[in-house]
Amino acid sequence: MSNGYHIVVCGSVVPDPLQTLEPIETPAGPALKNEMLLPAVLDPWAAHALYEAANLAAHAAGSKVWLVSLGAKAKLRQVMMTIAQKVSFELVPIDGPASGFADAHATAALLAEAIQSITGLDRSRLLLFGGWESASRGAGVTMQLIGERLGILDQFQGVDQLRVQPDGAFEILERIEGGRHQVSLCQGPPALFGWATGNLPEPRNNPQIGMANMRAIMPALQRAKTAAPAPDAIRYRSASPPKQQRQTRIVKNLSAEEIAREIVAWIEKA
Amino acid sequence: MTKNILLLAHLDESGNGLPKAAGEALGAAVELAKQLNASLSIGLIGGDVQAAADSVANSGAQRLLAVMGSDFAQPRFASDLLAAEALCRTASADLILAPATSRFLRALPGLAHRLNGRVDTHITSIQVVDGAVCATRWFYRQRIEGVFQRDARPWILLLDSGCHEAYCGPSGKAAIEEIAVALPSEARRTTIAGIRAPKSDSQTIRPDAALLFVAGAGWTKKQPDGKSHPEQAESLILGFLRASGASLGGSKSLVDQSGENQAVLGFMTHLNQVGQTGATPRHPKGLSTCCHGEEPHVVGWRFINERRAINLDPNCGWARGKADVLYVADAFEVMAKVNDLLKKPQS
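Scoring rules and cut-offs
Residues numbered from 1 in each chain as written. Chains lettered and ligands numbered in written order. Predicted model: local features only at pLDDT ≥ 70, side-chain atom pairs only at ≥ 80, totals over all residues. Pairing = 2+ DSSP bridges. Helix = DSSP H or I, 4+ residues; strand = E, 2+ residues; numbered from the N terminus. Expected span 1.5 Å × (residues − 1). Buried ≥ 20, exposed ≤ 12 C-beta atoms within 10 Å, placed from the backbone. Contact = placed C-beta atoms within 7 Å. Core = buried A, V, L, I, M, F, W, Y, C linked by C-beta atoms within 7 Å. Domains from an automatic or database assignment. Nonpolar A, V, L, I, M, F, W, Y, C, P; charged D, E, K, R; others polar. pLDDT = per-residue confidence, 0-100.

1. Side note on the sheet that holds strand β13 (residues 225-226) of chain A
Now for step 1: Taken in spatial order, the 10 strands line up as β13(A)-β7(A)-β6(A)-β1(A)-β8(A)-β12(A)-β9(A)-β10(A)-β11(A)-β10(B) in an open sheet, and their pairing is mixed. Edge positions in the open sheet fall to β13 of chain A together with β10 (190-196) of chain B, since each of these has one partner strand only.
Now for step 2: Of the strand pairs in this sheet, strand β7 (residues 90-95) of chain A and β13 of chain A are connected by 2 bridges, and their pairing is parallel. Its bridge partner lying in β13 of chain A, D95 of chain A is registered against T226 of chain A.

2. Things to note about helix α3 (residues 104-116) of chain A
Now for step 1: The first and last C-alpha atoms of α3 of chain A sit 18 Å apart over 13 residues, in line with the 18 Å expected at 1.5 Å per residue.
Now for step 2: The element α3 of chain A is largely enclosed, with a buried count of 10 among its 13 residues.
Now for step 3: Residues of α3 of chain A that are buried: A104, H105, A106, T107, A108, L110, L111, A112, A114 and I115 of chain A.
Now for step 4: Buried residues belonging to α3 of chain A abut β1 (6-10), β6 (64-71), β7 and α4 (142-150) of chain A together with β5 (118-129) of chain B.

3. A closer look at the nonpolar core
Now for step 1: With 145 residues, the main nonpolar core has V9 and L50 of chain A together with L7, A25, A29 and L97 of chain B as its most contacted residues.
Now for step 2: Counting residues per element, this core draws most heavily on helix α1 (residues 44-58) of chain A, at 10 residues.
Now for step 3: In this view, A29 of chain B contacts I5, L7, L40 and L97 of chain B; residues no more than four positions away in its chain are not counted.
Now for step 4: Counting residues in hydrophobic clusters, the runner-up holds 47 residues, among them I259 of chain A together with F240, W301 and V338 of chain B.

4. A closer look at the domain arrangement of chain B
All names here are of chain B.
Now for step 1: Segmenting chain B into domains produces domain 1 (4-188) and domain 2 (211-343).
Now for step 2: A separation of 36 Å is found between the C-alpha centroids of domain 1 and domain 2.
Now for step 3: Of the residues lining the interface, 4 residues belong to domain 1; the matching set on domain 2 comes to 5 residues.
Now for step 4: Classifying every residue of the side of domain 1 that touches domain 2 gives no nonpolar, 2 polar and 2 charged.

5. Things to note about the interface of chain B and chain A
Now for step 1: Contacts between chain B and chain A engage 78 residues on the former and 70 residues on the latter.
Now for step 2: When its residues are assigned to classes, the side of chain B that touches chain A shows 39 nonpolar, 19 polar and 20 charged.
Now for step 3: Looking at chain direction, strand β14 (residues 234-240) of chain A and strand β7 (residues 144-150) of chain B are connected through 6 bridges and run antiparallel. Within the sheet, the bridge partner assigned to S238 of chain A lies in β7 of chain B and is V147 of chain B.

6. A look at the confidence of the model for chain B
Now for step 1: When pLDDT is averaged along chain B, the result is 93, and 96% of the positions lie at 70 or above.
Now for step 2: Overall fold confidence (pTM) sits at 0.91, and the ipTM for the predicted complex is 0.94.

See below:
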């Protein structure tokens, strides 16, 4: 493709997976205890989407990558310190809640509005990337809702591979049941891709890319609009962590043979 | 007040019947319609839906609607969305239940926007509390369970598989109301080229298996002789999968090694990954090997009922209330013995 792609990646920040999460009640609904103090990371599947976007852009001259991210400004700043060193992109930040309890419909409306306001974005060359499901809400609906708002009719979810064909069409592998992929052929942009893991390793930190990115990211963060998603009619009755704690029997003194017998008996027990 | 419930379903890959998850969603819809004293309709999407419609003809549904034809046989966002929209508008449903299949998870969120409704996915149960419909689902990757309700209608709920008894009733002769949907050219920009299985010498992901077998990064680490033995690990794991019929899962650290040029298990892909950034499969039993049982991995075990683990570290995560039994042992030795026992004819 001579003019390349305009790739917009939607990705938010989530608590570091190693943190213990404890829900609390607030007047606005459930939230995480000490949410602002929890270290954050870029949502894992959205991060894969960003790496795939950068890789695709590197192989299609004239392409450009934007990262549209909704989150608390302080959290975005913290996460960008790391992510900005990975790949080149322009940040479009929105200062707002990134809670998993926030409604996907309201979040999608904010993200779609931010995408529509990107200066110079050519919608005929638009590839909308994002994580298949977030590590917070984990619903897998926000991307489709944004796509609908932007009028994108070719949408793919659980994407592990996107290959550009010689004629400019895309071959897409989407995850389906049973550990398999559905293979689709799409004529080209505009299209939406909710990425799963993809095939690329996490890029190494590159301080030069980091410095170049941060020159634009810091002013963008300062200018970030504060947005509160419109209140929705979702009402939580409860939000609680699972209570089940197992009484683990620790078996230390059995031989491999004895353990094997016990395991086989357990497997074969109906 | 819910008056009309619509159960949306698509045909399975055979093109004849309904997926198992659709039967479960129908079971939930039938139960809910009774509780709410609401009317139930069924909307089917597929090539030729007559056989599938016949299988649910005695479910008590007042209407059996269908969008059918070759244009709607394949899972594709644009055509599935148009078909589902036509069915929902015809049924005038205020509550729409559907199975959380990959096909519907792709398409139905867009439907909510078109109907000016709301959608929630990965629903694990639906209850009626004080006359209001409440849904339950997990947040933060199976770490917090939330119960919620919405006032907005239509409300689309996609139910996860394995969470409800499947509808089971006698077949009959269904009278289908076919809804005609014309597919515009812009909805045909995508074509389906087929299904591809992961690169492996055998299918290792078996959603209906009774046992989940998880391999951790320890399988590729140095053993007491100072060397790693990935070939032996592969042989033991594949041998066990063949003998037991288990489904294979992997920890993120093991799956990621393929991208880091370390010793890898050739059949292990990201599709096998279980945990925070992987799958949360449903199996009655799970056996973890060479995996430390850290929280980001174990959240993927939320729906595994009986859990056992083999690890050399008696203080690993599994020991802290995450497994029923932890065997402190060398997984290479134990699994070799397990394979021997499984191969022997049982007395």
